[in-house]
Amino acid sequence: MSVNVNHSVSDQFYHKMPCMIAKVEGKGNGIKTVIVNMIDTAKAINWPPRYPTKYFGGIHCYTVNGSHEANKVQDMLDGFIKKFVLCPECASPETDMHVKPKQQTIGNSYKACGYQGMLDTHHKLCTFILKSPPENSDSGKGKK
């Protein structure tokens, strides 16, 4: 099953993403939640999967400490999408992220309306993105 990337849009032809699938593993202090379909979900919003996972408080391999139901993980993803993915002008999720670690900046450009803006690099996720930029960043690694 899939849902609209922006839950406030009810258009059946709007951008879709898969519903979150969460699987709780372990017991006691070792309990964790694996987000089974994080890769597919991240592809739908055009972001590397490690960033939404980190936003959730994740540790590695799309795993979050603690026991979380799928609807809670979906709510956390919605918060991530509102803060980092949706265009502030037109609410489109068609984002291209531009990370420049040397300049300590993260920008987004939006295909639907052409808006370009900068993310608040004081957010702890932005600190993580600057330290672990995507391969297509200006970091000198990968392609530009």
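Structure: above.
Because the structure is a prediction, the values reported are computed rather than measured. (Residues numbered from 1 in each chain as written. Predicted model: local features only at pLDDT ≥ 70, side-chain atom pairs only at ≥ 80, totals over all residues. Heavy atoms only, no water.)

**Student:** Describe the pattern of salt bridges, naming the residues involved and giving the relevant values.
**Tutor:** As enumerated under the stated definition, the model contains two salt bridges in all. Of the charged contacts in the structure, one is a salt bridge between E25 and K23, with a shortest N-O distance of 3.5 Å. On the basis of relative accessibility, which here comes to 29%, the residue E25 falls in the partly exposed class. Here K23 falls in the partly exposed class, since its relative accessible area comes to 46%. K111 is paired through a salt bridge with D96; the nearest N and O atoms lie 3.8 Å apart. Pair noted here: K111 is in the loop between β8 (105-110) and β9 (116-118) and D96 is in strand β7 (residues 95-100), with a separation of 15 residues, a long-range link. (Salt bridge = Lys/Arg side-chain N within 4 Å of Asp/Glu carboxyl O. Buried < 20%, exposed > 50% of the residue type's maximum accessible area, 1.4 Å probe, protein only. Helix = DSSP H or I, 4+ residues; strand = E, 2+ residues; numbered from the N terminus.)

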